[in-house]
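# Residue-level structural notes
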Amino acid sequence: MKKGFTLAEVLITLGIIGVVASMTLPAVISKNNYKIIISNLKKSYSVIQQAFFMAVQNSGSPDN
């Protein structure tokens, strides 16, 4: 009766896991970079919006 795995079986399994990881990691990294860019844009928009509202409070509406 077999009680363990052979070295070849373990190496083949690790190779398959490595191939799958190398195919999926670029997509995960790209998605993460996209989320970071969106987050930075939202922060910048919020700062610009707050500055605009403060300017309207201090100086009146932009129509004047």
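To keep things clear, this report deals only with the structure shown in the data block. This is a predicted model, so every value here is computed, not measured. (Residues numbered from 1 in each chain as written. Predicted model: local features only at pLDDT ≥ 70, side-chain atom pairs only at ≥ 80, totals over all residues. Heavy atoms only, no water.)

Moving on, we get to the overall build of the protein. Counting secondary structure elements, the protein contains one helix and zero strands. Against the compact-globule benchmark of 11 Å for 64 residues, the protein has a radius of gyration of 27 Å, which places it well outside the compact range. Considered along the principal axes of its C-alpha atoms, the protein spans approximately 90 × 20 × 10 Å. The buried share among the 64 residues of the protein stands at 0%. When the accessible area of the protein is evaluated, it comes to approximately 6,100 Å², of which 69% is carbon and sulfur surface. (Helix = DSSP H or I, 4+ residues; strand = E, 2+ residues; numbered from the N terminus. Rg over C-alpha atoms; globule rule 2.2 N^0.38 Å. Buried < 20%, exposed > 50% of the residue type's maximum accessible area, 1.4 Å probe, protein only. Areas by Shrake-Rupley, 256 points an atom, 1.4 Å probe, with all protein chains shown as cover.)

In this section: helix H1 (residues 7–59). With 53 residues, H1 ought to run about 78 Å at 1.5 Å a step, and its terminal C-alpha atoms sit 76 Å apart, in line with that. The largest bend in H1 comes to about 30°, at Thr24, with the proline Pro26 one to four residues further on. Looking at the residues trailing H1, positive phi occurs at Gly60, about 95°. (Expected span 1.5 Å × (residues − 1). Bend = angle between axes of the 7 residues up to and from the residue.)

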